[in-house]
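Here are the chains, one letter per residue:
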Amino acid sequence: MIGPRGSLFPGGQTAAIVAVGPRYLPESFAVCHTEPAPVVFTWLVPITTGEAEVIQKFGWGTLE
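Rules and cut-offs
- Residues numbered from 1 in each chain as written.
- Predicted model: local features only at pLDDT ≥ 70, side-chain atom pairs only at ≥ 80, totals over all residues.
- Heavy atoms only, no water.
- Helix = DSSP H or I, 4+ residues; strand = E, 2+ residues; numbered from the N terminus.
- Rg over C-alpha atoms; globule rule 2.2 N^0.38 Å.
- Buried < 20%, exposed > 50% of the residue type's maximum accessible area, 1.4 Å probe, protein only.
- Contact = heavy atoms within 4.5 Å.
- Areas by Shrake-Rupley, 256 points an atom, 1.4 Å probe, with all protein chains shown as cover.
- Core = buried A, V, L, I, M, F, W, Y, C linked by side-chain atoms within 4.5 Å.

Helix and strand counts for the protein chain come out as two helices and four strands. In summary, the protein chain has a C-alpha radius of gyration of 14 Å against a globular reference of 11 Å for 64 residues, an excess of more than 25%. Here the C-alpha coordinates of the protein chain stretch approximately 40 × 25 × 20 Å along the principal axes. Within the protein chain, buried positions represent 17% of all 64 residues. By sequence separation, contacts in the protein chain at least 24 residues apart represent 46% of the contacts at least 6 residues apart. Total accessible area on the protein chain is roughly 4900 Å²; 61% of this is exposed by carbon and sulfur atoms.

Below, the structure is given as structure tokens:
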């Protein structure tokens, strides 16, 4: 989780970002194995300050 650091977008309430694996896609989609190093695909999900506090107190699984 990155943040919270204040509003991410003008007029918005999102203040943090969580990086999660790509949901609703096959697990094999999450990692692309390349010769130099694997590439891991993630979704950057904007969240509110309240959601960030829940993650900090109880962990990502509670919010998920």
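Attention now goes to the nonpolar core. Among the nonpolar cores identified, the biggest contains six residues, and these are Ala16, Val18, Val20, Ile47, Ala52 and Ile55. Elements represented by at least two residues in this core include exactly strand 1 (14–20) and helix 1 (49–58). Looking at this core element by element, the count peaks at three residues for strand 1.

Within the secondary structure, Pro10 is located in the segment before strand 1. Judged by its relative accessible area of 84%, Pro10 is exposed. Between the C-alpha atom of Pro10 and that of Thr49, which follows or precedes it by 39 residues, the distance is 15 Å.

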